[in-house]
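One-letter residues, chain by chain:
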Amino acid sequence: AGRPVFTHLDYAFVDRSVSALNDAAHPRARPSYSLVNARAGVEVGPVRYSLFVKNLFDEAANYGDAPPLGAELPGRPRIAVSRPRTVGLELSARF
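This is a predicted model, so every value here is computed, not measured.

Moving on: the pairing of strand β5 (residues 47-54). Pairing of strand β4 (residues 33-44) with β5 involves 7 bridges; the strand directions are antiparallel. Bridge assignment links Val42 to a residue of β5, and that residue is Tyr49. Hairpin connection of β4 to β5: 2 residues between the antiparallel strands, including Gly45 at a positive phi of 60°. One ladder, built from 8 bridges, connects β5 with strand β8 (residues 86-93); its direction is antiparallel. Residue pairing in the sheet places Ser50 in a bridge with Glu90 of β8.

With that settled, consider the sheet that holds β8. The sheet built from 4 strands is open, its strands ordered β1-β4-β5-β8 with antiparallel pairing. Each edge of the open sheet carries a strand with a single partner, namely β1 (5-14) and β8. Within the sheet, the average angular offset between the axes of one strand and its neighbour, ignoring direction, is 15°. As judged from the 10 bridges shared by β1 and β4, these two strands associate in the antiparallel manner. Paired with Tyr11 across the strands is Val36, a residue of β4.

About the cut-offs
- Residues numbered from 1 in each chain as written.
- Predicted model: local features only at pLDDT ≥ 70, side-chain atom pairs only at ≥ 80, totals over all residues.
- Heavy atoms only, no water.
- Pairing = 2+ DSSP bridges.
- Helix = DSSP H or I, 4+ residues; strand = E, 2+ residues; numbered from the N terminus.
- Axes fitted to C-alpha atoms, helices over the stretch in contact; angles between N-to-C directions.

What follows is the structure in structure tokens.
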């Protein structure tokens, strides 16, 4: 008898946009980006083992301007970016 295995892959595309949060007079263009996440695993009895990769291609996505908590320095924009590629192992169990 085989063990139950599973896979998951998701893809998100966000088109280019404009943000004026930090400077309404000079809106900032943001390029489009794509993010891919993957997960695969197996169930062994009540335990599920999963290997996952978030941001598979290590995309540096610009999510938008960070709220202005202070002055933005010239040439140093305050932006919120995606997390770098993250790889992990997850274990879970049913009780």
